[in-house]
Amino acid sequence: MRRLRSLLVAVLLAAPLTALARAEDTARQILDRAKQLDDTTRKWTDRSQTLTLTIHGKTGAPRERSLQIFDKRGEGGEDKSLTFFLAPSEVKGTAFLQWSHPGKDDEQWLYLPELKRSRRITSQLRDQSFMGTDFSYRDLEILAEIREWTEEQAVSSLLGAEDVDGLACWAIALAPTTEDGYEKIVLYLDKEQLVTRKVVFQDGKGTAVKILTQSDVRPVGAIPTAYRMEMQTPAKESRTTVVLTKVEYNAGLGDDFFTERQLQRGPR
């Protein structure tokens, strides 16, 4: 009994010390722990998703889109993504290809079936809306690359802790040094799994230009996966919701799938 009491005292004394050590972690240490998980126990090399995207404007009826998205992660953040619009008829056949290059602008192409050709997205078009959604081409680029950003690419700072949908999260501010679109991006990583629950894109005045939330996170194997996302544009009173209906990891997608030729051929 004395030994048990001693053990309980030791545990109670150690608990605050552990919490204190976690509280003293820097933003970069927390981000590095999340990246280590992404690179080890929850690592994936390719992903296939089927989802429904709904655009909610300030006025008018919501517009629904069905999509398939294929992603492939390469070495050093050289990732690739291919998106196909399946429905409704006015957007069916439209496709989007993105090649991510850390440290420099991504390569992006949009295929429009009525023109029967693909169009390169230039730097001048990066802030335009992607197919009428609340996501811009720049947003898609940032979301593809942010997990790979180093301290040289975005200076990090820990803002503290905050609840998101009832979950305790670390609030981490990133000030991009190579990205000219947003002054600051604040990530909210839940303390338990270090999964992104919210992303706030801010301008130079600290105003939230866009707010992305991720919810309904479920384990797919060892990989926590958000089955619902929502991007809001407060100034426009608009939002775009994304609901995942099917996902598969590590199916063996090759680099030869992520090409302009496949962009025009459609999903296999």
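Cut-offs and rules
Residues numbered from 1 in each chain as written. Predicted model: local features only at pLDDT ≥ 70, side-chain atom pairs only at ≥ 80, totals over all residues. Heavy atoms only, no water. Core = buried A, V, L, I, M, F, W, Y, C linked by side-chain atoms within 4.5 Å. Buried < 20%, exposed > 50% of the residue type's maximum accessible area, 1.4 Å probe, protein only. Contact = heavy atoms within 4.5 Å. Helix = DSSP H or I, 4+ residues; strand = E, 2+ residues; numbered from the N terminus. Expected span 1.5 Å × (residues − 1). Arc of directions from axis to C-beta. Phe/Tyr/Trp six-rings, centres within 6.5 Å; stacked < 30°, edge-to-face > 60°. pLDDT = per-residue confidence, 0-100. Lys, Arg positive; Asp, Glu negative; His and termini not counted. Salt bridge = Lys/Arg side-chain N within 4 Å of Asp/Glu carboxyl O.

Draft legend 1. Quick peek at the nonpolar core. Core analysis: the biggest nonpolar cluster contains 44 residues, and Ile172, Leu174, Ile185 and Phe201 have the highest contact counts within it. Apart from the residues lying within four places of it in its own chain, the contact partners of Ile172 are Ala27, Ile30, Leu31, Ser156, Ser157, Leu158, Ile185, Val186, Leu187 and Leu189. Of all hydrophobic cores here, the second largest spans 11 residues; its members include Phe70, Leu97, Phe257 and Phe258.

Draft legend 2. Geometry of unusual backbone geometry. Here the amide bond leading from Ala87 into Pro88 is cis, since omega sits at 0 degrees, within 30 degrees of zero. Mapped onto the fold, Pro88 is located in the loop between β3 (80–87) and β4 (95–99). Unusually for a residue other than glycine, Lys116 sits at a positive phi of about 55 degrees. When you line up the elements, Lys116 lands in the loop between β5 (107–112) and β6 (117–120). For Lys116, a relative accessible area of 65% puts it in the exposed group.

Draft legend 3. Molecular detail of helix α2 (residues 27–39). With 13 residues, α2 extends 18 Å from end C-alpha to end C-alpha; this agrees with the ideal 18 Å at 1.5 Å per step. Buried within α2 we find Ala27, Arg28, Ile30, Leu31, Ala34 and Asp38. End-on, the buried residues of α2 take up no more than an arc of 160 degrees, which puts them together on one face. Buried residues in α2 make contact with β7 (154–164), β8 (167–176) and β9 (184–190).

Draft legend 4. A look at the packing of aromatic side chains. Going through the model one piece at a time under the given rule, you end up with 11 aromatic pairs. Centroid distance Phe70 to Phe84: 6.1 Å. Interplanar angle 70 degrees. Geometry classified as edge-to-face. Here Phe84 lies in strand β3 and Phe70 lies in strand β2 (residues 63–72), a separation of 14 residues in the sequence. Relative to Phe130, the ring of Phe85 lies with its centre 5.9 Å away and its plane at 50 degrees, an arrangement referred to as tilted.

Draft legend 5. How the structure looks around the confidence of the model for the protein. Here the protein averages 90 in pLDDT, and 90% of its residues register 70 or above. The low-confidence segment residues 1–21, where pLDDT is below 50, has 0 contacts with residues more than four positions distant or belonging to other chains.

Draft legend 6. Local environment of the side chain of Arg65. The residue Arg65 is located in strand β2 in this model. Lacking a salt bridge, the buried Arg65 has Glu90 as its closest oppositely charged neighbour, with an N-O distance of 4.2 Å. What Arg65 contacts, discounting residues up to four positions off in sequence, is Leu51, Thr52, Leu53, Phe85, Ala87, Pro88, Glu90 and Val91.

Draft legend 7. Quick peek at the side chain of Arg42. With respect to the helices, strands and loops of the structure, Arg42 is situated in the loop between α2 and β1 (46–56). The exposure class assigned to Arg42 is buried, which follows from its relative accessible area of 8%. For Arg42, the contacting residues outside a window of four places in its chain are Ala34, Leu37, Gln193, Leu194, Val195, Ala222, Ile223 and Pro224.

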